[in-house]
Amino acid sequence: MPRVRNHLWPALLLGLPLLTAALWAGSGAERLTKPVRYVERQVRDELFGDVQSETQPVRGPVLGYFVGLDAVAGMTFGCAAAAAFTWFWQRRAGRRTARAATREGTDT
Amino acid sequence: MILPRMLSATGAFVAAALAVAQDQPAPRTALDVGAPGPKTFYADDRVGNNQVTFLSESTIEDFTGVCNRVGGECQLDPKHLEALQGRFFVRVEDLRTGIELRDQHLRSPDWMDAAKHPEIVIAVSGATDVKKDAPDGAALTLLGRCSLHGVSKEVRIPCTLKYLPQSPETQRRVKGDLIRLRANWTVKLSDYGVTGPKEADIIGLKVSNDIQVKVSIFGSTEKPPEALKPDTESKPAETPRPPPPRRP
């Protein structure tokens with residue numbers, strides 16, 4: 001269990017940006033996150049006897065949104081910041097432990 | 001004796017000339033539809049989806065905007081398309097781009113300023129370059145003025161027109177004669193003083209200066225029950241000028 005817990009946080013920090021990037025690619029690779037995208041569709045008009053192009057709104061596939069590059073960038077920066085904070089915190093904790101161990105060694 | 005004869009001869013000549021003029025065939029641009037005479041057509045959503053689409057392609061971002069509420073009317077004679085006249089409009093608050101924040105920016109004073117200039121208007125004063133491409137359809141260039149952001153400029157808009165006189169098929173949708181106008185043209189935002197926030201350089205980077213506009217307008221001679229009316233109420237009330245300071 002401790003080994004799983006040790007790997008969970010780095011996996012999360014790496015996986016979230018990858019997941020967001022996958023959702024971005026899967027939802028149309030938009031530049032900005034948006035709920036609606038306008039798509040041109042050809043609609044046959046029986047009365048006028050030809051094809052009419054109409055622009056219709058399409059809802060996003062991910063919880064009603066199209067994931068944009070802004071979300072990918074935000075998630076990547078957020079995870080990078082969290083990773084940096086974790087690294088600093090672990091280094092500080094490691095140094096503190098090493099210092100305590102050294103102190104214990106000199107005391108004995 | 002000579003004068004009365006001359007007068008009667010002149011009268012006969014004028015009468016003959018008028019008769020010839022009346023018998024003259026309609027111009028080649030006249031549509032072959034059995035509905036002569038000018039008629040008023042109203043933008044009517046029952047006939048088809050009235051829609052204005054605008055596309056901005058810029059360095060960072062492309063976006064499409066839509067307005068599904070188009071109002072207005074025009075006078076049209078299928079035998080004399082050059083005399084087409086009318087006025088069509090959309091409200092700035094009805095423009096949608098898919099992102100609510102962008103719509104708010106669009107309506108803001110930095111862009112379209114919907115509070116001061118609530119409508120975008122195309123006033124058509126005539127048509128030229130009429131080319132009949134079907135018995136009931138023609139390609140033409142609309143002449144008129146486009147009013148946007150408080151600036152009015154002359155425009156030439158290439159468009160296609162299709163005319164359907166009343167028939168059992170058309171009556172299934174709406175009574176009366178029906179028309180469809182389709183147009184594509186480009187609007188330069190800088191021509192109308194739309195520049196975005198000052199010193200932000202958004203034009204060209206996030207919003208194109210050349211907006212491609214595509215319009216489909218369906219009209220009927222029967223006035224729709226709920227026509228979009230020109231906005232006369234949301235114009236800002238003129239603020240009274242403060243009195244000049246009194247000098248001691």
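Residues numbered from 1 in each chain as written. Chains lettered and ligands numbered in written order. Predicted model: local features only at pLDDT ≥ 70, side-chain atom pairs only at ≥ 80, totals over all residues.

Participant: I keep staring at the overall build of chain B and nothing clicks. Help me out?
Facilitator: Secondary structure assignment for chain B yields 3 helices and 10 strands. Counting from the amino terminus, chain B carries its helices and strands in the arrangement α-β-β-β-β-β-α-β-β-β-α-β-β. Out of the 248 residues belonging to chain B, those deemed buried represent 29%. Of all intrachain contacts in chain B linking residues separated by at least 6 positions in sequence, the fraction that spans at least 24 positions is 66%. (Helix = DSSP H or I, 4+ residues; strand = E, 2+ residues; numbered from the N terminus. Buried ≥ 20, exposed ≤ 12 C-beta atoms within 10 Å, placed from the backbone. Contact = placed C-beta atoms within 7 Å.)

Participant: Where do I start with the pairing of strand β2 (residues 51-57) of chain B in this structure?
Facilitator: Along any regular strand the residues' side chains alternate between the sheet's two faces. All names here are of chain B. Pairing geometry for β2 and strand β10 (residues 210-220), over 5 bridges, is antiparallel. Across the sheet, Leu55 pairs through a bridge with Gln212, a residue of β10. Two successive antiparallel strands, β2 and strand β3 (residues 62-67), enclose a turn made up of 4 residues. (Pairing = 2+ DSSP bridges.)

Participant: So what exactly am I meant to see when it comes to unusual backbone geometry here?
Facilitator: Both trends apply: most residues other than glycine have a negative phi, and most peptide bonds are in trans. Residues and elements named next belong to chain A. Positive phi, normally seen in glycine, also occurs at Leu63, with a value near 50 degrees. Position of Leu63 among the secondary structure elements: in the loop between β2 (50-59) and α2 (69-107). A tally of 9 C-beta atoms within 10 Å means that Leu63 is categorised as exposed.

Participant: Which parts of the structure should I look at to understand the interface of chain B and chain A?
Facilitator: Buried accessible area, meaning the area lost when the parts come together, often serves as the stated size of an interface. Taken residue by residue, the interface counts 17 residues in chain B and 12 residues in chain A. At the level of secondary structure, the elements contributing two or more residues to the side of chain B that touches chain A comprise β2, β3, β8 (151-164) and α3 (168-171) of chain B. Within the side of chain B that touches chain A, the residues separate by chemical class into 4 nonpolar, 8 polar and 5 charged. (Nonpolar A, V, L, I, M, F, W, Y, C, P; charged D, E, K, R; others polar.)

Participant: Looking at this model, I keep getting lost on the pairing of strand β1 (residues 39-43) of chain B. Mind explaining?
Facilitator: Residues and elements named next belong to chain B. Pairing of β1 with strand β4 (residues 71-76) involves 4 bridges; the strand directions are antiparallel. Its bridge partner lying in β4, Phe41 is registered against Cys74. Bridge count between β1 and β10: 2 bridges; the pairing is antiparallel. Opposite Tyr42, over in β10, you have Ser220 as the bridge partner.

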